[in-house]
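Below are the chains, spelled out letter by letter.
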Amino acid sequence: MTKEDKQAKAKTMTKSLVIVESPKKAKTISKILGRDFQVKASVGHVRDLPRNRLGVNVRKNFEPQYEVLKDKEPIVQELKEAADNAEKVFLAPDPDREGEAIAWHLSELLDLPKKKLHRIEFNEITKDAVMEAIKKPRSIDRRLVDAQQARRVLDRLVGYKISPLLWRKVNGRSAGRVQSVAVRLICEREEEIEKFDPQEYWSIKAEFHKTKSKKSFIAPLVKWKGKRVIAASDKPTAQTVIVDNKKMADEIVKSIKDADFAVSSLTNKTSERKPQAPFITSTLQRESANVLGYPVKKTMMVAQQLYEGVELGEEGPVGLITYMRTDSTRVAASAQEEALAYIESRYGKEYVPDKPRVYARKGKSVQDAHEAIRPSYPDKSPEKLKAHMTSDQYKVYKLIWERFMASQMESAKLLTRTAEIAAGEAVFRASATEKTFQGFTIVYDRLKNDDDEDQEEEAVNLPELKKGDELKMKEINPNQHFTQPPPRYNEASLVKTLEELGIGRPSTYSATVSTVIDRKYVERNKRVLFPTKLGKAVNQLLVEHFGDVVDVSFTADMESKLDQIEEDKVEWHGMLKDFYKPFGETLKKAEENMNKVVILSEHNCPNCGQQMAIRSSRFGQFLGCVGYPECKTKIALTKDGEPVPEDRPSEEICTTCGSSMIIRYGRYGDYLACSAEECKEQRPILKFTGVDCPRSDCDGKIVEKKSRRGKIFYGCSAYSKNQCTSAYWYPPLLSGGPKGKNTCPKCNKILIYKTLKRGDKIQCSDKDCDYVELATGQEVHA
């Protein structure tokens, strides 16, 4: 290049180029940086191990053989051209191992001088954080890159070496390193439940009232003959007793009925309830699952949107929360100051603690490079932003904002009154707790689920009592109970267990849970995770032949070694070498000794009568006869794992040729198809609600439909005919509304029936109408 060409190129150069992963993130950062910066997105990873081969040269010190992803080739070319025309290039992927690896891959592909290339990171997408990062760029941290490379290569070695074996032995399944341990935990919990032997025990509760008052309260039996009464699930000692049969319960009740009842002791205890720490990744996933019912994957998707930026009208895209993949509870001093100022102005000085709160996490695996998940702007309350958010964004942001603000507030003050009632050799106890100061609970009042089980039952309407007060017993009830097996995992409790065992990291929890469900090893039913037959079969093979690889302690130790690589305490090639030698020996033994597993179904072959087995292909699962290859019968399966039904007759008539319609099963379930071979008419099966379309210019009916994502809603049957857009997320009322009608008495719109946890409601379908009433058995379509 001549001197003149270089000068001409310098004139056309943009000042700086910033590369991030996401177009949404690019848009938010572009608004912050202005015209002097060009911001482009790599749209995730641009280079990875090849999809169709191992891609790791084991003999050459486990050298990864990376390839540019085919769909990213145009993007890489575009980034190269932009980088050539920029004076400086800032690589700004997410601030974690995976983000560091993306930055490194980009640096390798762009092939720019070190002076021109800079790595920047920020924990939140705010003007201060981004500008501060631009001022203090750094070089790429090879320790983080090596830790991510080690994880990727390790996962590839395990997956690509074990999976072909499982393909042959279990017909079409693959195995992942961390996912296999998650499946093992779920299968072992199912075994515990199946083997569980319930133990009988009884509780006894009495209802008391003062002699001159009808106001009663309930108190459980806590002592019998000087010993503490416990449940069968508690650990017995010499000072405890279990009421373990009806005879014993009846004897206690009989002896109590004729006793005198008096308050033997009365205590008032003051205490404090401290707020919980702000969210980390795992606690956000758990709370979102428990409170909102969101799967882990959905929670992380919505959190990503909040982090990358939400359009706030004239403000444009604004990043609303800090980075959402973190296991640190640390909070920046500036964020604490803003939060405390907001708390004092909104709630009062008494809600501000004497000292800013500090939350420390214990554990070897805790990384403190990031902050906790918190709002980027504490003064932007959920109510202020609701109009600019989707429903999901609002709910998750509200959860994060409330938890963070509460974490910076004063403790709640409690007063607990406890009364013990003596009755012969029995002692009953009633407790009632009241808040004397709301503290943080004015914002966020959710107890830890783990603690709820251990709390004593509260006595409702406990009156003012004095020691020695005589009481009357209104009623006494012995109740039979049986000990319960450990609960099945849901997504929230599985993430908690993985975290406690040191398996995986904040960036892997969501992918781990999603993968075991997608591979049909586990199914989710009413938020609970069950192992499938396939999952049990795969787990049995892996535990038998690869017990060390899918061992909880081994997997946690590997995570620890990845952390040590990041800390420059372990060399990553050496770690892989130490793993691979014994793994190779185990793999060889498994290939010699592993028997083929046939997963039998409950169905018999319609041609030869033998059992059908569950098999897999690249198109999904199907039933195949165990008599193969002599019998080659195959039966397709529905999404629910049941054989696809044969065509069935219907009462519908084809509108094209007048032939009868048949019910046929397709990709999205049952549908109507014309029985005439030459006619191609098809249409969905409409489930009528019995409600006419409310539009005066439409003769359609309101029918049950499904959205693209499988969610049921109710819309007009004439949508395809005249584009009628009448639609509701809740079933329309058939009858039983005001004056027996199904229309709103205020605006005459259709009434809908909402089934809610706190009671069913009848509500107007018009969002601008405030009509609502409690449901009292009104009729909706079945």
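Quick notes on the rules
Residues numbered from 1 in each chain as written. Predicted model: local features only at pLDDT ≥ 70, side-chain atom pairs only at ≥ 80, totals over all residues. Heavy atoms only, no water. Core = buried A, V, L, I, M, F, W, Y, C linked by side-chain atoms within 4.5 Å. Buried < 20%, exposed > 50% of the residue type's maximum accessible area, 1.4 Å probe, protein only. Helix = DSSP H or I, 4+ residues; strand = E, 2+ residues; numbered from the N terminus. Contact = heavy atoms within 4.5 Å. Salt bridge = Lys/Arg side-chain N within 4 Å of Asp/Glu carboxyl O. Arc of directions from axis to C-beta. Pairing = 2+ DSSP bridges. Right-handed = clockwise from strand over helix to strand, strands pointing away. Axes fitted to C-alpha atoms, helices over the stretch in contact; angles between N-to-C directions. Phe/Tyr/Trp six-rings, centres within 6.5 Å; stacked < 30°, edge-to-face > 60°. Lys NZ or Arg CZ within 6 Å of the ring centre and 35° of its normal. pLDDT = per-residue confidence, 0-100.

**Remarks on the nonpolar core**
One finds F122, L306, L320 and I321 to be the most contacted residues of the largest nonpolar core, which totals 62 residues. Elements represented by at least two residues in this core include exactly β1 (14–20), α2 (23–33), β2 (37–41), α5 (127–135), α10 (296–308), α11 (333–347) and α13 (391–407). The element best represented in this core is α13, accounting for nine residues. Excluding residues within four positions of it along the chain, L306 makes contact with V318, G319, L320, I321, M389, Q393, V396 and Y397.

**Here's the deal with the pattern of salt bridges**
In the structure shown here, the tally under the stated rule is 48 salt bridges. A salt bridge links E464 to R417; its shortest N-O distance comes to 4.0 Å. Of this pair, E464 sits in the loop between α14 (449–452) and β18 (470–482) while R417 sits in strand β16 (residues 412–423), placing them 47 residues apart in sequence. Judged by relative accessible area, which is 14%, R417 ranks as buried. Between K701 and D692 there is a salt bridge whose closest N-O contact spans 2.6 Å. By relative accessible area, which is 36% here, K701 ends up partly exposed. Residue classification places D692 among the partly exposed residues on the basis of a relative accessible area of 45%. Taken together, the shared-partner salt bridges in this structure form one network comprising E21, K25, D94 and R325.

**Focus on α5**
Here α5 has its buried residues at A129, V130, A133 and I134. The buried residues of α5 occupy an angular sector of 135° when the element is viewed end-on, so they sit on one face. The outward face of α5, more than 90 degrees from its buried face, is lined by the exposed residues K127, D128 and K135. Buried residues belonging to α5 abut α2, β2 and β7 (86–91).

**Some words on the pairing of β7**
As judged from the three bridges shared by β7 and strand β8 (residues 117–119), these two strands associate in the parallel manner. Within β8, the residue paired with V89 across the bridge is L117. After leaving β7, the chain enters helix α4 (residues 97–110) and then returns to the sheet as β8, a path that is right-handed.

**A look at the pairing of strand β31 (residues 712–716)**
Judged by how many residues are buried, β31 sits mostly within the fold: four of five residues are covered. Looking at chain direction, strand β30 (residues 701–706) and β31 are connected through five bridges and run antiparallel. Each bridged residue has a counterpart across the sheet, and for K706 the counterpart in β31 is I712. Pairing of β31 with strand β32 (residues 727–728) involves two bridges; the strand directions are antiparallel. Pairing of Y714 across the sheet is with Y728, part of β32.

**Thoughts on the environment of C698**
Turning to its location among the elements, C698 is positioned in the loop between β29 (687–692) and β30. For C698, a relative accessible area of 10% puts it in the buried group. Separated by 19 residues in the primary sequence, C698 and S717 have C-alpha atoms spaced 9.8 Å apart.

**Quick look at the sheet that holds strand β21 (residues 600–604)**
Taken together, four strands build an open sheet; the order of strands is β21-β22-β23-β24 and the sheet is antiparallel. The open sheet has two edge strands, β21 and β24 (634–636), and neither has a second partner. On average, each strand axis in the sheet is tilted by 40° relative to the strand beside it, whichever way the strands run. Relative to strand β22 (residues 611–617), β21 runs antiparallel, the two sharing two bridges. The partner of N604 across the bridge, within β22, is Q611.

**Describing unusual backbone geometry**
Here the amide bond leading from Y628 into P629 is cis, since omega sits at 15°, within 30 degrees of zero. For P629, the location among the structural elements is in the loop between β23 (620–625) and β24. The backbone phi angle of K520 is positive, close to 65°, even though this residue is not glycine. Within the secondary structure, K520 is located in the loop between α16 (509–518) and β19 (522–525). A positive phi is found at N748, a non-glycine position, where the angle reads about 70°. Considering the arrangement of structural elements, one finds N748 in the loop between β33 (733–735) and β34 (751–754). A relative accessible area of 57% places N748 in the exposed class.

**Considering the packing of aromatic side chains**
Here the structure, examined in full by the defined rule, presents 15 aromatic pairs. Plain terms: the ring middles of Y342 and W401 are 5.7 Å apart, the flat faces sit at 85° to each other, and that makes the pair edge-to-face. Note that Y342 is positioned in helix α11 and W401 in helix α13, a separation of 59 residues in sequence. Of the residues examined, W401 reaches a relative accessible area of 3% and is grouped as buried. Pairing Y347 with Y351 gives two aromatic rings, centres 6.2 Å apart and planes at 55°, and the pair type is tilted. Comparing Y347 with Y351 shows no difference in burial state: the two are buried. Among the aromatic side chains, those forming a connected cluster through ring pairs are F62, F546, F554, F579, Y580 and F583. Positioned over the ring face of Y489 is R189, at 4.3 Å from the centre of the ring. Taking the ring centre of Y294 as reference, the NZ or CZ of K298 above it sits at 4.1 Å.

**Quick word on the confidence of the model for the chain**
Considering every residue of the chain, the mean pLDDT works out to 88; 92% of them sit at 70 or more. Averaged pLDDT values over the elements of the chain bottom out at 40 in α14 and peak at 97 in α13. Every residue in residues 448–455 is under pLDDT 50, and counting partners more than four places away or in other chains gives five contacts.

**Some details on the sheet that holds β34**
Pairing in this open sheet of three strands is antiparallel, and the strands run β34-β35-β36 from one edge to the other. For this open sheet the edge positions go to β34 and β36 (772–774), each flanked by a neighbour on one side alone. Pairwise comparison of adjacent strand axes, ignoring direction, gives a mean angle of 25° for this sheet. When β34 meets strand β35 (residues 761–764), the two strands line up antiparallel, connected through four bridges.

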